[in-house]
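In case you want the letters, here they are:
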Amino acid sequence: IPLIVGMIAIALIEGWRFDTDPLINGLATGDFDAMLAGWQTFIGTPDFLFWVYLLFAIGNAMLPEQHDEITWWYLLVPLPVIIIPLLILDLGVLVDALLDGPVTALGTWISTALVTVFVIDLFFWVFIALLEWLFSLILNREVEYG
């Protein structure tokens, strides 16, 4: 459940607070000016740092731990129960419309949100690694993870 709720929360925050379309279009076309304009639009979001931190916190807290049990059949059973009767009744057009419309939009929304969280995590990883390196030089100590 935390994984599903976390992905929904990340997708909602990313979709409603950040305007990523100009940035994605700039990256897709390879136009540097469009990328720069998209980046400026992205970081120009009101309360940018708050939303970035919230994405970072949710993205790193949503993954299940070893003691969590994921019951995948809750996700997988409803799909054939809906699709098989539609195919038997020769209503494949509805299946195509479902897969082309909302499912594709949801997949795009979630994948964009997860890539955003990955980039934020990458930034924080580099930032923490640099701080760790700097403090190890200043204090003449190594950080040990156990």
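Residues numbered from 1 in each chain as written. Predicted model: local features only at pLDDT ≥ 70, side-chain atom pairs only at ≥ 80, totals over all residues. Heavy atoms only, no water.

Caption draft 1: Geometry of the layout of surface pockets. Counted as a void, the second largest pocket has a volume near 450 Å³. Along the wall of the second largest pocket there are 17 residues; nearest its centre are Trp39, Phe42, Thr116, Val119 and Ile120. Residue assignment for the lining of the second largest pocket shows that the elements contributing at least two residues are helix H2 (21-29), helix H3 (32-43), helix H4 (48-61) and helix H8 (102-139). The element that contributes the greatest number of residues to the lining of the second largest pocket is H8, accounting for seven residues. Its residues assigned to classes, the lining of the second largest pocket comprises 14 nonpolar, three polar and no charged. (1 Å grid on protein atoms, 1.4 Å probe; cavity = no way out; pocket = protein on both sides within 12 Å on 5 of 7 lines; lining within 4 Å. Points joined across faces, edges and corners; volume = space filled by probe spheres on them. Helix = DSSP H or I, 4+ residues; strand = E, 2+ residues; numbered from the N terminus. Nonpolar A, V, L, I, M, F, W, Y, C, P; charged D, E, K, R; others polar.)

Caption draft 2: Layout of the packing of helix H1 (residues 2-17) against H4. Two numbers describe how H1 lies on H4: the axes approach to 9 Å, and their chain directions differ by 165°. With respect to H4, the element H1 is oriented roughly antiparallel. The handedness of the crossing between H1 and H4 comes out as left-handed. Together, Gly6, Ala9, Ile10, Ile13 and Arg17 of H1 and Trp51, Leu54, Leu55, Ile58 and Gly59 of H4 make up the contact between the two elements. Of the residues that constitute the contact of H1 with H4, the class distribution is seven nonpolar, two polar and one charged. (Axes fitted to C-alpha atoms, helices over the stretch in contact; angles between N-to-C directions. Parallel < 35°, antiparallel > 145°, perpendicular 65-115°, else oblique. Left-handed = near helix turned anticlockwise from the far one by under 90°. Contact = heavy atoms within 4.5 Å.)

Caption draft 3: Local environment of unusual backbone geometry. Residues other than glycine seldom take positive phi values, yet Asp47 does so here, at roughly 55°. Inspection of the secondary structure assignment puts Asp47 in the loop between H3 and H4. For Asn140, which is not glycine, the phi dihedral falls at a positive 55°. Tracing the chain through its elements places Asn140 in the segment after H8.

Caption draft 4: Layout of H1. The first and last C-alpha atoms of H1 sit 21 Å apart over 16 residues, in line with the 22 Å expected at 1.5 Å per residue. Taken together, the buried positions of H1 are Gly6, Ile10, Ala11, Ile13 and Glu14. What you see down the axis of H1 is that its buried residues fit within an arc of 165°, all on one side. Buried residues in H1 make contact with H4 and H8. (Expected span 1.5 Å × (residues − 1). Buried < 20%, exposed > 50% of the residue type's maximum accessible area, 1.4 Å probe, protein only. Arc of directions from axis to C-beta.)

Caption draft 5: Representation of the environment of Ala9 in the model. With respect to the secondary-structure elements, Ala9 resides in helix H1. Here the alpha-carbon distance between Ala9 and Gly59, two residues 50 residues apart in the chain, equals 9.2 Å.

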